[in-house]
Structures are given as C-alpha cells and as structure tokens.
Amino acid sequence: MKLDPRTKLFLAIVANSVILSAPPVYSVLMFAVPAILLLFEKKWKFVLAFFSLYLAAVLGFEHLKTMDVGRVGTLAVSTMMIVSRMMPITIVLYYVMQTTKANEFMAGMSRMHVPNKVTIPLTVMIRFFPTVFDESRAIGNAMKMRGIRLFSLHTLKNPLTILEYRLIPLLVSITKIGDELSVAASTRALAPDTRRTCIVPIGFHVQDAVVFVYCIAVIAFVVVSHI
Amino acid sequence: MPNVKTTGKKSSNTLVRDLVNVGIFAALYIVLAFLSSSVGYIPALIVFSTGSIALVTSIPLFLFFSKIERSILCCLIFCGFFGTAMFVMGQGILMLSISLLVGLLAGVALKVFGKGFAGLFSANIILCLMSSSMMLPLWTSTEEYLEYTRTMCDAGYVAKLAELSQSPWPLVAIYAFGILGAVVGGFIARRVMKKHFERIGLAK
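The residue numbering used here restarts from 1 in each chain and proceeds along that chain's sequence as written. Lettering of chains starts at A and numbering of ligands starts at 1, both following the order in which they are written. In keeping with the model being predicted, local features are shown solely for residues with a pLDDT of at least 70 and side-chain atom pairs are shown and tallied solely at 80 or more, while totals for entire chains, interfaces and linings include all residues.

Chemist: Explain the overall build of chain B here, please?
Modeler: Note on conventions: DSSP H or I runs of at least 4 residues are helices, E runs of at least 2 residues are strands, and numbering of each starts at the N terminus. Helices and strands together make up the secondary structure of chain B, namely nine helices and zero strands. Ordering the α and β elements of chain B from the N terminus gives α-α-α-α-α-α-α-α-α. Note on method: radius of gyration uses C-alpha positions; expected globular size equals 2.2 Å times residues raised to 0.38. A compact globule built from 204 residues should have a C-alpha radius of gyration of about 17 Å, and chain B, at 18 Å, falls within 12% of that. Along the longest, intermediate and shortest principal axes, the C-alpha atoms of chain B span 70 × 30 × 25 Å. Whether two residues are in contact depends on their C-beta atoms, placed from the backbone: they are in contact if these lie within 7 Å. Counting only contacts in chain B whose residues sit at least 6 apart along the sequence, the fraction spanning at least 24 positions is 72%.

Laid out in structure tokens, this is it:
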C-alpha cells in the first residue's frame, strides 16, 4: 500500500510532535500507523523486533522505576526510558526513509511549491544518513584490522588521534561520494531552476485520506485531553 | 587564457554541487553533533557538551566552508536544516530563529574574510553559537524545557538541570566552552586541512 510522499511527511511531523509532547498512550496510537504500513511492505521481522524491544523497555521501566536499583540500575532504567520514548520516533522515520525514493520525495516537494534550492539538499541529506553510518562502520572495520579501536589504551592516551583515524577517512569518503553525486545529478538535469518530470505517479488516494483523518483525530484527542 | 570573456555569473552546475555539499555536510554535522553532545548526559559534564560539539565538528565545517562557492545561501540552508531538525525534535521556534541568524552571519563572515584561514576560522566560531544555543531554552523557558527533558531523562538529571537554571553563569560557561572548543577545533582543523585535504586535492 503506497502513500503519497506528502502524506508521509505529514505523518512524520504529526507523529514526532505527538510522541514528544503527549502521554505515552498517544505514542502507541501514532506508531501503530507506520507499524501496520511496514507490515504491508513485508517488513514483519523489523516490526516484530521493534515491538519486542519496545515492550521489554516499557515493562522493564514500569517495573523498576519505583525500586532502589543502585547506580548501575539507574543507568539501565534511564536507558529503558530513553528507548521507550525514542523508539516510536525511530519506527516512523524508518518507515518514511525506507519507503520513499528520492525522486518521489522531490516530486512531492515540487507539488508543494517548495523551491529546489531547499529540496535538493534536503533530499541529499535524508538519503545520506544511512550512508554516513555505513561508511563509518566500514572505516571502523578497516581500523580494527590495523588494531585501532574506539576504546583502546592507545586512543584513551591520545583521544585526538581518533579524529585522524575515524573522522578524516569518513570525510574523504563522503566528499568523494558527494562529488560523484553532483556529477550524476547534473547528468539527470537536476538544476535549481528547472522543473523535472517524475515517472512515478504522485497523488492522493483513499489510504492517504485515511491516514490524514486518523492523524487529525489523534491531534484532536490530544487537544481535548489537555483541555 | 586571458582573452576568455565570462558573464560573471556562477554556473548552475556549481550551484547543484554546492546544494549537494550542503545536504551531505548537514547530515554529517547533525550526526556528529548528536554523538558528541552525548557527553552532556553525564550530569557533571553538561556545560562541557557544547565545547565537545564545537571541537569535533570544526574539521568537517572547515572542509564544508572551503568547498562551497555561494557562502551566504549555503550557510543559511545548512543552519536552517539544523534548526528545523531541532524544532522537529521538540526545541522551540527560538532555536530555529537563532540557527537562521547564525547561518546568515557565518555566510557573511565567509564572504567578507574570504576562504583563507581568517574566514574559515571566524565562520566556525560564529557557527558554534548555533550548537551552543541548544540549551538556551533552559533559561528562557525553564519550566517547559524541564518538562520536555523529564520525558526523556531520569529525575536526577532533571534536578541537576533545574539547579543549573537558577543562575545565569552556567549559560555563560556553555557559550564560553562552545567558543573555546571552536577556537581549539579551528587550529586543529587548519593543521588537518594542510596535512590531509590540501595534499589530496579535496581543499585549496
């Protein structure tokens, strides 16, 4: 079941606002939407893992928060609380980033009359978060082969060397990727003052209307409960 | 080629390259800022967290500043993205406004001082004010910020924040450490630029 990129953007904004500002019960109402949509995308393993971890964090926190658990226990309880609060945002963003292709996102933004000068870097930025982590992981593995680890005696003695061993290769790598991306973008007529066509049909359907109505209903519940 | 006449306008290809660079470095900056700000989860190190952000992000920022051609536009969009990310994460509109202002000032500094060390260094120091403002709502709207933090952190941490908000000096220290981090990071970045990036042709 495909949603319009504008609906996904609306869902992400509403979900973030509700999860960060309303009681946890509303978080469940909000992240249920991307969870169901991810099931339609056959990502049931991710959804199962997410719910197991989320339930463990919520139940663990509710069980331990009133108990005297010592310093280490306090750290564990804090981690559980952060996980239970931040995971709903993670699943919403995961759904949006996994199911939205760059060209669909650009077409959606173009329909909203957002200037290309904002759309191009925004698209690159959203698509680049996974790349940053992938590159960092690959560089980390390469450094491990040389015996350079993040938490070792050598790096603890001179913490600035970690900048040289991890950050600089990452910068070189992503700068080169960026240069290649610019060339690829130019060959695909990506320019700030041209309006591009999109082969994927963009438009609102019944499922978009359902998500819109659901989000507005949740916002209404939150507002009424505050009054 | 001395006889070649140009229109004086910058090519749209370089604009695309600038915009792509803004996207890439904004993604990297946000990731590095969040990772290095995690120092602040230790209550005793809250005021040092801005210094660690400025120190770690100086090298990518130097490289970013040296690669862009339209400094004001790029800095404005770059800081606008960071401010919007903070806004979406629950920070107020104040953070977004400060980010845009800082972006404008950093772009003007780059334009005025050029791409030499003075320009990059001053733009880096101005830009560190953006990450240093992340905790400003603790003093401007204390109750709301504490309520927001309460949803994510334990009671001990919130009590420490409430204690800090009683006096303006921790805020001064937060900005001072941010600027100090940017100054130290700037000198490290200068050395790194010469040692690595200029040698392999990534920066001039």
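Resuming the write-up.
Chemist: What should I look at first to understand the overall build of chain A in this one?
Modeler: Tallying secondary structure elements over chain A gives nine helices and zero strands in all. When the helices and strands of chain A are placed in sequence order, the string is α-α-α-α-α-α-α-α-α. Across its three principal directions, the C-alpha atoms of chain A cover 55 × 50 × 35 Å. Here a residue counts as buried when 20 or more other C-beta atoms fall within 10 Å of its C-beta, as exposed when 12 or fewer do, and as partly exposed in between; the C-beta atoms come from the backbone. Counting all 227 residues of chain A, 25% fall into the buried class. At a minimum sequence separation of 6, the contacts of chain A that also span at least 24 residues come to 72%.

Chemist: When you look at the domain arrangement of chain A in this model, what are you seeing that I'm missing?
Modeler: How big an interface is tends to be stated in terms of accessible area lost as the parts join. All names here are of chain A. Each domain's limits were defined by an automated method or a database of domain assignments. Split into domains, chain A comes out as domain 1 (1-101 + 205-227) and domain 2 (103-199). Here the C-alpha centre of domain 2 lies 27 Å away from the C-alpha centre of domain 1. Taken together, the contacts link six residues of domain 1 with seven residues of domain 2. Looking at the side of domain 1 that touches domain 2 residue by residue, the class counts come to two nonpolar, one polar and three charged. The nonpolar class holds Ala, Val, Leu, Ile, Met, Phe, Trp, Tyr, Cys and Pro. Asp, Glu, Lys and Arg form the charged class, and all remaining residues, Gly among them, are polar.

Chemist: Sorry if this is basic, but what is going on with the interface of chain B and chain A here?
Modeler: Listed per partner, the contact involves 29 residues of chain B and 35 residues of chain A. When its residues are assigned to classes, the side of chain B that touches chain A shows 20 nonpolar, seven polar and two charged.

Chemist: What is the right way to read unusual backbone geometry from this model?
Modeler: Residues other than glycine predominantly adopt negative phi, and peptide bonds predominantly adopt the trans conformation. Residues and elements named next belong to chain A. Phi at Lys 42 takes a positive value of approximately 65°, unusual for a residue other than glycine. Its identity as a non-glycine residue notwithstanding, His 113 has a phi of 65°, on the positive side. Here His 113 is to be found in the loop between helix H5 (102-111) and helix H6 (116-145).

Chemist: How should the nonpolar core be read in this particular structure?
Modeler: A general tendency of soluble globular proteins is for nonpolar side chains to be buried together. A set of buried residues drawn from Ala, Val, Leu, Ile, Met, Phe, Trp, Tyr and Cys, joined through C-beta atoms within 7 Å, is what defines a nonpolar core. By size, the foremost hydrophobic cluster in this structure holds 76 residues, and its most contacted members are Ala 26, Phe 78, Val 102, Ala 106 and Ile 126 of chain B. Apart from residues no more than four positions distant in its own chain, Ile 126 of chain B is found in contact with Val 102, Leu 105, Ala 106 and Ala 109 of chain B. Listed in part, the 23 residues of the second largest apolar core include Val 18, Ile 19, Val 96 and Val 211 of chain A.

Chemist: What should I look at first to understand the environment of Lys 194 of chain B in this one?
Modeler: Inspection of the secondary structure assignment puts Lys 194 of chain B in helix H9 (residues 169-197). For the pair Lys 194 of chain B and Val 172 of chain B, spaced 22 residues apart in sequence, the C-alpha to C-alpha distance is 33 Å.

Chemist: I keep staring at the confidence of the model for chain B and nothing clicks. Help me out?
Modeler: Atomic detail in the predicted coordinates should be set aside for any region of low pLDDT. All names here are of chain B. On average, residues of chain B carry a pLDDT of 86, and 92% of them reach 70 or more. Mean pLDDT across the elements of chain B ranges from a minimum in helix H7 (residues 142-150), with 79, to a maximum in helix H4 (residues 93-113), with 94. Two numbers describe this predicted complex: its pTM, 0.85, and its ipTM, 0.84. Per residue, pLDDT measures the predictor's confidence, with a range of 0 to 100.

Chemist: I tried to follow the packing of H4 of chain B against helix H5 (residues 117-132) of chain B on my own but got confused; where do I start?
Modeler: In a packed pair of helices, the relevant descriptors are the angle between the two axes and the axis-to-axis distance. Residue and element names in this part refer to chain B. Axes here refer to lines fitted to C-alpha atoms; in helices the fit is confined to the stretch in contact. Angles between the N-to-C directions go from 0 to 180 degrees. It is the contact of H4 with H5, at a shortest axis distance of 8 Å, that shows an interaxial angle of 175°. With respect to H5, the axis of H4 lies roughly antiparallel. Across from Ile 98, Ser 99, Val 102, Leu 105, Ala 106, Ala 109, Leu 110 and Phe 113 in H4, the residues of H5 making contact are Ala 118, Gly 119, Ser 122, Ala 123, Ile 126, Leu 127, Leu 129 and Met 130. The residue inventory of the contact of H4 with H5, partitioned by class, reads 13 nonpolar, three polar and no charged. An angle counts as roughly parallel when it lies under 35 degrees, as roughly antiparallel when it exceeds 145, as roughly perpendicular when it falls between 65 and 115, and as oblique in every other case.

Chemist: Is there a simple way to think about H9 of chain B in this case?
Modeler: For an α-helix the count is 3.6 residues per turn, leaving residues at separations of three or four pointing the same way. Expected span of a helix: the number of residues minus one, times 1.5 Å. The terminal C-alpha atoms of H9 of chain B, which comprises 29 residues, lie 39 Å apart, in line with the 42 Å expected from a rise of 1.5 Å per residue. Its buried side turned inward, H9 of chain B meets helix H8 (161-187) of chain A together with helix H2 (49-67) and H5 of chain B.

Chemist: I would appreciate a short explanation of the environment of His 113 of chain A in the present structure.
Modeler: On the basis of neighbour count, His 113 of chain A is assigned to the exposed category, with 6 C-beta atoms found within 10 Å. Sequence spacing of His 113 of chain A and Leu 160 of chain A is 47 residues, and the spatial spacing of their C-alpha atoms is 45 Å.

Chemist: Got a minute to help me understand the confidence of the model for chain A in this structure?
Modeler: Counting all residues, the mean pLDDT for chain A is 84, and 96% of those residues have values of 70 or more. Ranking the elements of chain A by mean pLDDT puts helix H7 (residues 153-157) of chain A last with 74 and helix H9 (residues 206-226) of chain A first with 90.

Chemist: Would you mind showing me how to read the environment of Leu 136 of chain B here?
Modeler: In this fold, Leu 136 of chain B is placed in the loop between H5 and helix H6 (137-140). Considering only alpha carbons, one finds Leu 136 of chain B and Ile 174 of chain B, 38 residues apart in sequence, at a separation of 9.3 Å.

Chemist: It is not clear to me how H4 of chain B should be interpreted in this structure. Could you clarify?
Modeler: Residue and element names in this part refer to chain B. Here H4 contains 21 residues, and its C-alpha end-to-end distance of 30 Å stays within 8% of the 30 Å for a straight helix at 1.5 Å per residue. If you check which residues of H4 are buried, you get Met 95, Ile 98, Ser 99, Val 102, Gly 103, Leu 105, Ala 106, Gly 107, Ala 109 and Leu 110. Residues of H4 that are buried make contact with H2, helix H3 (71-88) and H5. Looking one or two residues beyond H4, the residue adopting positive phi is Gly 114, at roughly 80°.

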